[in-house]
Amino acid sequence: MGPSKEMLNSACQCSLVSRVVIFGGTHGNEMSGVALAKHWLKEPSELQRKTFVAEPCLANPLAVEKCVRYVDSDLNRCFSEEILRSPESESDPYEFIRARELYQKYGSGSCLYDFIFDLHNTTSHMGATLLRCSADDIMSLHLANYLQSSSGSQSMPCYNYLIDIPKKDNVYLQNIGKHSLCLELGPQPQGVTRADVLSRMRELVNCGLDFIDLFNQGRKLLLELTQ
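Residues numbered from 1 in each chain as written. Predicted model: local features only at pLDDT ≥ 70, side-chain atom pairs only at ≥ 80, totals over all residues. Heavy atoms only, no water.

Looking at the protein in UniProt, the text filed under Cofactor (unreviewed entry) is "Zn(2+)". Looking at the Sequence similarities (unreviewed entry) heading of the UniProt record, one finds this comment for the protein: "Belongs to the AspA/AstE family. Aspartoacylase subfamily." (UniProt positions renumbered as here; feature names shortened; annotations may be inferred.)

Structure representation (structure tokens):
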């Protein structure tokens, strides 16, 4: 059985993806994302696909250097409109400054990136949990479904979890992209790396990039099928 009319129509609501960023180290002691971002900064070829440009980024480099969750304030709570648009001050916490830098580079105006992956670890037994921030983000919904169906792992299956937050109330790093998905993998203690967790995260990111590439190549066909 082929895809339903509703599924095709929802996929066609999404524009082609041209720029992707993969954040590791939003929390500086969640080491799978840190290790992968550092690896990809040195060897970015693994992230490249035919139809878009992808780049890695260490979101909170000072916290990574100190191997702590954050320096002054949790970076993943610093992307509110109030913080991003407030005037800079010498007394600003480091993460406020960093949040504005990331927003200017990846999330504002013509710099708006089409898709954001934000890589996290947890000490909880959550397996591989895919966190989506908005029910209206059709692209992340289809990508999460693809990861669940195409990157099976008996030892660490994917769980798809929606946190439906109005954009004006969203304080997470995911908020600055057009589309986004947070990968939360565990259990993994803070400040260390588990090989199986890191390998699974790497697999999921690459599978997600494959999906975006397939989507870009097939969107023209989807549009024709829905007409």
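What follows is about the overall build of the protein. Helices and strands together make up the secondary structure of the protein, namely seven helices and six strands. Listed by position from the N terminus, the elements making up the protein come as α-β-α-β-α-α-α-β-β-α-β-β-α. Counting the 227 residues in the protein, one finds 51% classified as buried. Counting only contacts in the protein whose residues sit at least 6 apart along the sequence, the fraction spanning at least 24 positions is 78%. For the protein, the exposed surface amounts to about 10900 Å²; the carbon and sulfur share of it is 53%. (Helix = DSSP H or I, 4+ residues; strand = E, 2+ residues; numbered from the N terminus. Buried < 20%, exposed > 50% of the residue type's maximum accessible area, 1.4 Å probe, protein only. Contact = heavy atoms within 4.5 Å. Areas by Shrake-Rupley, 256 points an atom, 1.4 Å probe, with all protein chains shown as cover.)

With respect to the secondary-structure elements, Pro189 resides in the loop between β6 (179-186) and α7 (195-226). C-alpha separation for the pair Pro189 and Met31, spaced 158 residues apart in sequence, amounts to 8.9 Å.

Residues spaced three or four apart along an α-helix face the same direction, because each turn holds 3.6 residues. Relative to the 18 Å expected for 13 residues at 1.5 Å per residue, helix α6 (residues 138-150) spans 18 Å between its end C-alpha atoms, a close match to the ideal helical length. Among the residues of α6, Ile138, Met139, Ser140, His142, Leu143, Ala144 and Leu147 are the ones counted as buried. (Expected span 1.5 Å × (residues − 1).)

Looking now at the environment of His27. Residue placement: His27 occurs in the loop between β1 (19-24) and α2 (31-42). In the structure, His27 is positioned 47 residues away from Asp74 in sequence and 7.6 Å away in space, judged by C-alpha atoms. Excluding residues within four positions of it along the chain, His27 makes contact with Val34, Val68, Arg69, Asp74, Asn76 and His120. Of note is the side chain of His27, whose polar atom sits 3.3 Å from the side chain of His120. (Polar contact = N/O pair within 3.5 Å; in protein donor to acceptor, adjacent residues only side chain to side chain.)

Before going further, it helps to examine α2. Here α2 is 12 residues long and its end C-alpha atoms lie 17 Å apart, about the 16 Å a rise of 1.5 Å per residue gives. When we look at burial in α2, the residues that qualify are Met31, Ser32, Gly33, Val34, Leu36, Ala37 and Trp40.

For the protein, per-residue confidence averages 89 on the pLDDT scale, and 89% of positions sit at 70 or higher. With pLDDT under 50 throughout, residues 1-5 is counted as low confidence; its partners more than four residues away or in other chains account for three contacts. Across residues 223-227, where pLDDT falls below 50, the model places seven contacts with residues more than four positions away in sequence or in other chains. (pLDDT = per-residue confidence, 0-100.)

Attention now goes to the pattern of salt bridges. Within the structure shown, the criterion is met by 10 salt bridges. Between Arg100 and Asp92 there is a salt bridge whose closest N-O contact spans 2.9 Å. With respect to burial, Arg100 and Asp92 carry one shared label: buried. With a closest N to O distance of 3.2 Å, Asp169 and Lys168 form a salt bridge. Relative accessible area serves as the criterion here: at 43%, Asp169 is assigned to the partly exposed category. Judged by relative accessible area, Lys168 falls into the exposed class, the value being 60%. Look at the salt bridges and you will find they share partners, linking Glu30, Arg69, Asp74 and Arg77 into a network. (Salt bridge = Lys/Arg side-chain N within 4 Å of Asp/Glu carboxyl O.)

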